[in-house]
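# Structural characterization, general
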Amino acid sequence: MDEKKGIKELKEFLNAMEVLARTAGMVMKDGKIDLADLALLVPLFTQMGALMEGFKGLDKALGEMKDLEESEVVEIVKEGFEAFRAFKEGKSI
């Protein structure tokens, strides 16, 4: 029997995607991209560690997706929804 993998790497990947989504939402909030948006990218650089961690474990995250339990799916969907809402509302990181 295979050992349960958990969702640590998958959550780190989703966290990285949330950081990117929030940044994109802030940049696009006014409907245009211009030089003023450069200042909005500064928080992205402060989150570089989380971004690197999230993408470093992507191969493991894909493996974790193969043995998700119902409670883990609910947790992941909830986090994904929160990230989408943050992007849509243009909330900061």
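Residues numbered from 1 in each chain as written. Predicted model: local features only at pLDDT ≥ 70, side-chain atom pairs only at ≥ 80, totals over all residues. Heavy atoms only, no water.

### Brief notes about the pattern of salt bridges
Oppositely charged side chains may form a pair once their charged atoms are brought near each other. In plain terms, the rule: One speaks of a salt bridge when a side-chain nitrogen belonging to Lys or Arg is within 4 Å of a carboxyl oxygen belonging to Asp or Glu. What counts as a helix is a DSSP run of H or I of at least four residues, what counts as a strand is a run of E of at least two, and both are numbered from the N terminus. Throughout, exposure labels follow a simple rule: accessible area from a 1.4 Å probe, protein chains only, divided by the maximum for the residue type, with under 20% read as buried, over 50% as exposed, and the rest as partly exposed.
Summed over all chains, the structure comprises nine salt bridges. Residues Glu75 and Lys11 are paired through a salt bridge, measuring 2.5 Å at the closest nitrogen-oxygen approach. Taken together, the positions of Glu75 in helix H5 (residues 70-89) and Lys11 in helix H1 (residues 8-28) put the pair 64 residues apart, joining distant regions of the chain. The closest approach of N and O atoms between Glu18 and Arg22, which form a salt bridge, is 2.9 Å. Of this pair, Glu18 and Arg22 are both found in helix H1, four residues apart, which corresponds to roughly one turn of the helix. Of the two residues, Glu18 and Arg22, neither departs from the other in class, the shared state being buried. Three or more residues are tied together by salt bridges with common partners; here these are Lys8, Glu9 and Glu12.

### Here's the deal with a nonpolar patch on the surface
Short version of the rule: Candidate patch residues must exceed 30% relative accessible area and have no salt bridge, after which like charges are joined if within 9 Å and Val, Leu, Ile, Met, Phe, Trp or Tyr side chains if within 5 Å. Areas reported here follow the Shrake-Rupley algorithm with a probe of radius 1.4 Å; residue values treat only the protein chains shown as occluding.
There is a patch of nonpolar side chains on the surface, built from Met17, Leu20 and Phe55 and spanning about 230 Å² of accessible area. Turning to its location among the elements, Leu20 is positioned in helix H1.

### Some details on the packing of H1 against H5
For clarity, the threshold we go by: Here an axis means a line fitted to C-alpha atoms, over the contact stretch when the element is a helix, while the angle between two N-to-C directions is reported on a 0 to 180 degree scale. By definition in this entry, angles of less than 35 degrees are roughly parallel, angles greater than 145 are roughly antiparallel, angles of 65 to 115 are roughly perpendicular, and the rest are oblique. By convention, the crossing between two helices is left-handed when the near helix turns anticlockwise from the far helix through less than a right angle, and right-handed when the turn is clockwise. Only heavy atoms matter for contacts: two residues are in contact if any of them lie within 4.5 Å across the pair. Gly is put with the polar residues, along with every residue not named as nonpolar or charged; the nonpolar set is Ala, Val, Leu, Ile, Met, Phe, Trp, Tyr, Cys and Pro, and the charged set is Asp, Glu, Lys and Arg.
Where H1 meets H5, the closest approach of the two axes is 8 Å, and the angle between their N-to-C directions is 15°. Accordingly, the angle class assigned to the pair H1 and H5 is roughly parallel. The interaxial crossing formed by H1 with H5 has right-handed handedness. Only Glu75, Ile76, Glu79, Ala83, Ala86 and Phe87 of H5 make contact with H1, whose side of the interface consists of Leu10, Lys11, Leu14, Glu18, Ala21, Arg22, Ala24 and Gly25. Residues that form the contact of H1 with H5 fall into these classes: eight nonpolar, one polar and five charged.

### Let's talk about the nonpolar core
Our working definition: We define a nonpolar core as any set of buried Ala, Val, Leu, Ile, Met, Phe, Trp, Tyr and Cys residues linked to one another through side-chain atoms lying within 4.5 Å.
Counting residues in each nonpolar core, the largest one holds five residues, listed as Ile7, Leu10, Phe13, Ala61 and Ile76. Every residue in contact with Phe13, bar those within four places of it in the chain, is listed here: Gly54, Phe55, Leu58 and Ala61.

### A closer look at the confidence of the model for the chain
Here is the rule we go by: Along the chain, pLDDT gives the predictor's confidence residue by residue, from 0 to 100.
Overall, the prediction assigns the chain a mean pLDDT of 84, with 92% of residues at 70 or greater. When pLDDT is averaged over each helix and strand of the chain, the minimum, 85, is found for helix H2 (residues 42-46) and the maximum, 89, for helix H3 (residues 48-56).

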